[in-house]
Amino acid sequence: MISYTIQTRLPFGKHKGKTVQEVISIDMSYINFCLLTVDRFCMSPAVLNEIHSSTPTFTITQEEADKNIEKYLIFLRMESTDDLSNYYPDEEENDYYDD
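In this report, the structure presented in the accompanying data block is examined. (Residues numbered from 1 in each chain as written. Predicted model: local features only at pLDDT ≥ 70, side-chain atom pairs only at ≥ 80, totals over all residues. Heavy atoms only, no water.)

Before going further, it helps to examine the overall build of the protein. Each helix and strand in the protein was counted, giving 4 helices and 2 strands. Secondary structure of the protein in N-to-C order comes out as β-α-β-α-α-α. Only carbon and sulfur atoms are counted for the fraction: they give 51% of the accessible area of the protein, which is about 5,900 Å². (Helix = DSSP H or I, 4+ residues; strand = E, 2+ residues; numbered from the N terminus. Areas by Shrake-Rupley, 256 points an atom, 1.4 Å probe, with all protein chains shown as cover.)

With that settled, the discussion passes to the packing of aromatic side chains. For the structure shown, the criterion picks out 4 aromatic pairs. Ring plane angle 25 degrees and centroid distance 6.0 Å describe the contact between Y72 and F75, whose orientation is recorded as stacked. A residue pair is termed a helical-turn pair when its members lie 3 or 4 positions apart in one helix, as Y72 and F75 do in helix α3 (residues 62-81) at 3 residues. Each member of the pair, Y72 as well as F75, is classed as buried. (Phe/Tyr/Trp six-rings, centres within 6.5 Å; stacked < 30°, edge-to-face > 60°. Buried < 20%, exposed > 50% of the residue type's maximum accessible area, 1.4 Å probe, protein only.)

This part covers the environment of Q21. As for its placement among the helices and strands, Q21 is situated in helix α1 (residues 20-37). Taking the C-alpha atoms as reference points, Q21 and I31, 10 residues apart in sequence, are found 9.7 Å from one another. If we ignore the near neighbours within four places in the chain, the residues touching Q21 are I6 and Q7. (Contact = heavy atoms within 4.5 Å.)

For the rest of this paragraph, the subject is α3. Helix length check: α3 (20 residues) gives 29 Å between terminal C-alpha atoms against 28 Å at 1.5 Å per residue, within 8%. Every buried residue of α3 is listed here: E64, N68, K71, Y72, I74, F75 and M78. Seen along its axis, α3 keeps its buried residues to an arc of 160 degrees; they face one direction. Residues Q62, R77, S80 and T81 are exposed on α3 and point more than 90 degrees away from its buried face. (Expected span 1.5 Å × (residues − 1). Arc of directions from axis to C-beta.)

So, about the environment of H52. Mapped onto the elements, H52 comes out in helix α2 (residues 45-54). On the accessibility criterion, H52 (38% relative accessible area) is partly exposed. In contact with H52, other than residues within four places in its own chain, are F58 and T59.

The tendency in soluble globular proteins is for nonpolar side chains to be buried side by side. Counting residues in hydrophobic clusters, the biggest one holds 18 residues, and the most contacted among them are L10, F12, V20, I31, F41, M43 and I51. Elements supplying a minimum of two residues to this core: α1, β2 (41-43) and α2. In terms of residue count, the dominant contributor to this core is α1 (7 residues). The residues touching L10, leaving out its near neighbours within four places in the chain, are Y4, H15, K16, G17, K18, V20, V23, Y30 and F41. The next biggest cluster of nonpolar side chains, apart from the first, holds 6 residues, and it includes M1, Y72, F75 and M78. (Core = buried A, V, L, I, M, F, W, Y, C linked by side-chain atoms within 4.5 Å.)

Here it is as structure tokens:
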């Protein structure tokens, strides 16, 4: 699980290698898609506020916000226990994101 910032490069999908900030400028809805459907993708509320401040047209639905908070809380728990391997024990990090 990764808590993405605007400078984090996406390691998956059609925008693999681009930063979140770059994706927002060319395909904003892809970030919404990731918030809702990509299990290992979350952002802190502070990062979402930063994005909205710099790009006021960026909005998320309540469903996307709820899913993101759920994943972000898992991220925080995992980070605090330093036990990230138990979230997806049977998957290789790189294999999960390959298209």
